[in-house]
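Fold and geometry: a report
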Amino acid sequence: MGGRHVLRARRLMEGALDGPDGLDEEEMVRAARAVVAELGSPGRLSALVAELAAGVGDPSGCARLSYRHVLGFDKLLLVSVGTRHMLRAHVWHPGSHRAGREDIHNHRSALASFVVRGTLGMELYETAGDGPLAAARYRESLSAEVSDWLLEPAGRARLRLTQTAEYTAGSGYALPSYALHRAWCASPGAAVTLFLETGAGRRRYTDVFTGDGRDGRAQAYAKEPLEVAEYLAELRALAELIGGSEELARS
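These notes cover the structure that comes with them. Residue positions are given per chain, counted from 1 along the sequence in the order it is written. At least 70 in pLDDT is required for a residue's local features to be given in this predicted model, at least 80 for side-chain atom pairs to be given and counted, and no such filter applies to totals for whole chains, interfaces and linings, which use all residues. Water and hydrogen atoms play no part in the side-chain values, which are based on all heavy atoms of the structure.

**Section: the overall build of the protein chain**
Rules: Secondary structure counts use DSSP, requiring at least four H or I residues in a row for a helix and at least two E residues in a row for a strand, with both numbered from the N terminus. Accessibility here uses a 1.4 Å probe with only protein chains present; expressed as a share of the type maximum, an area under 20% marks a residue as buried, one over 50% as exposed, and anything in between as partly exposed. The Shrake-Rupley method, run with a 1.4 Å probe, gives the accessible areas here. Residue values count only the displayed protein chains as cover.
A count of helical and extended segments in the protein chain gives six helices and 13 strands. Counting only residues that meet the buried cut, the protein chain has 49% of its 251 residues in that class. Here the protein chain displays about 11900 Å² of accessible surface, and carbon together with sulfur accounts for 50% of that area.

And the structure:
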């Protein structure tokens, strides 16, 4: 069983995202945006993170689904509703040797992101036969044996940039599964975003576009889950970043 704040977050996600008749993707996008905005409010999020950092809930299960991304941010699972919806904290570290801009990609299902600290930059793209950006196209899926990322070549494409934006603390966005985008830390210090991945209409793979000269063969990129002690330490560090030291002291 989770603690009070974990249970409240789970109930909010279930109530908003699991309607009796189901939500279409447009409705899911709107609902997800409202959920992360509510859960990302300063007092509510700091209380939730402090509760999790104290070991409430399922730290071993959450640690298994938390890892350090190759592009310089850490993905920390906070609350899940089965395998349908996952609420994560993304902690972005500028200046890290891992840091960089993501490849252009879409997702398996609708998502929403809310900036809690710092600034996040984002670009939106569309495929276009006369687009100025040439890219290699890959299909990204999870490998059958382990939960590594598997990138399989899917030809070439041309893309066009349609929007560039910066999101500061207290703002956010939500996207349907097919939206092509990439994001990066646009602040000199660490940035923290609350990221909600919904489970409705989940696709089997995502599209990834890159111009980095990969050799055209299928490639696997390992996900290395955090150990429980690492996960709890990252939650404590996250609480400090978002101003939750008082809640930690009371835990």
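Past the structure itself, the notes keep going.
**A few points about the environment of Gly211**
Relative to the helices and strands, Gly211 is located in the loop between strand 12 (206-210) and strand 13 (219-221). Classification of Gly211 by relative accessible area gives exposed; the value is 71%. Remark: the alpha-carbon pair of Gly211 and Ala135, spanning 76 residues in sequence, is separated by 4.9 Å.

**Structural notes on the side chain of Asp207**
Test applied: N or O atoms within 3.5 Å of each other form a polar contact, as long as, within protein, one can give a hydrogen and the other can take it, and as long as residues adjacent in sequence are counted only when both atoms are side-chain atoms. Here, two residues are considered to be in contact whenever any of their heavy atoms come within 4.5 Å of each other.
Within the element layout of this structure, Asp207 appears in strand 12. Within the local environment of Asp207, its side chain forms a polar contact with the side chain of Arg137, the two groups lying 3.5 Å apart. Apart from residues lying up to four places away in sequence, Asp207 is in contact with Ile104, His105, Asn106, Arg137, Tyr138 and Arg139.

**Focus: the pairing of strand 3 (residues 85-92)**
Put simply, the test is: Two strands are said to pair when DSSP picks up at least two bridges between them.
Counting buried positions along strand 3 yields eight of eight residues, so the element is predominantly enclosed. Here strand 3 shows a buried face lined by His85, Leu87, Ala89 and Val91 and a second buried face lined by Met86, Arg88, His90 and Trp92. Bridge count for strand 2 (residues 73-81) against strand 3 is eight bridges, and the pairing is antiparallel. Residue pairing in the sheet places Asp74 in a bridge with Val91 of strand 3. Connecting the antiparallel pair strand 2 and strand 3 is a turn made up of three residues, with Gly82 showing a positive phi of about 55°. Examined bridge by bridge, strand 3 and strand 11 (residues 191-197) share seven bridges and lie antiparallel to one another. By the bridge assignment for strand 11, Leu87 is matched with Leu196.

**A closer look at the pairing of strand 10 (residues 180-185)**
For strand 10, the tally of buried residues reaches five of six residues, placing the bulk of the element in the interior. Of the pairings in the sheet, the one linking strand 6 (residues 119-127) to strand 10 comprises six bridges and is antiparallel in character. Bridging from a neighbouring strand, Leu120 pairs with Cys185 of strand 10.

**Structural notes on the pattern of salt bridges**
Keep this limit in mind: Salt bridge, as applied in this entry: a Lys or Arg side-chain nitrogen positioned within 4 Å of an Asp or Glu carboxyl oxygen.
Tallying each qualifying case throughout the model produces eleven salt bridges. A salt bridge links Arg44 to Glu38; the shortest N-O distance between them is 2.9 Å. We note a salt bridge from Glu140 to Arg108, for which the minimum N-O separation is 3.3 Å. In this pair, Glu140 is assigned in strand 7 (residues 133-142) and Arg108 in the loop between strand 4 (104-105) and strand 5 (111-117), connecting sequence segments 32 residues apart. Look at Arg108 and you get buried, because its relative accessible area is 17%. A network of salt bridges, in which partner residues are shared, links Arg68, Asp74, Glu230 and Glu234.

Everything listed is a geometric property; what it means functionally is a separate question.
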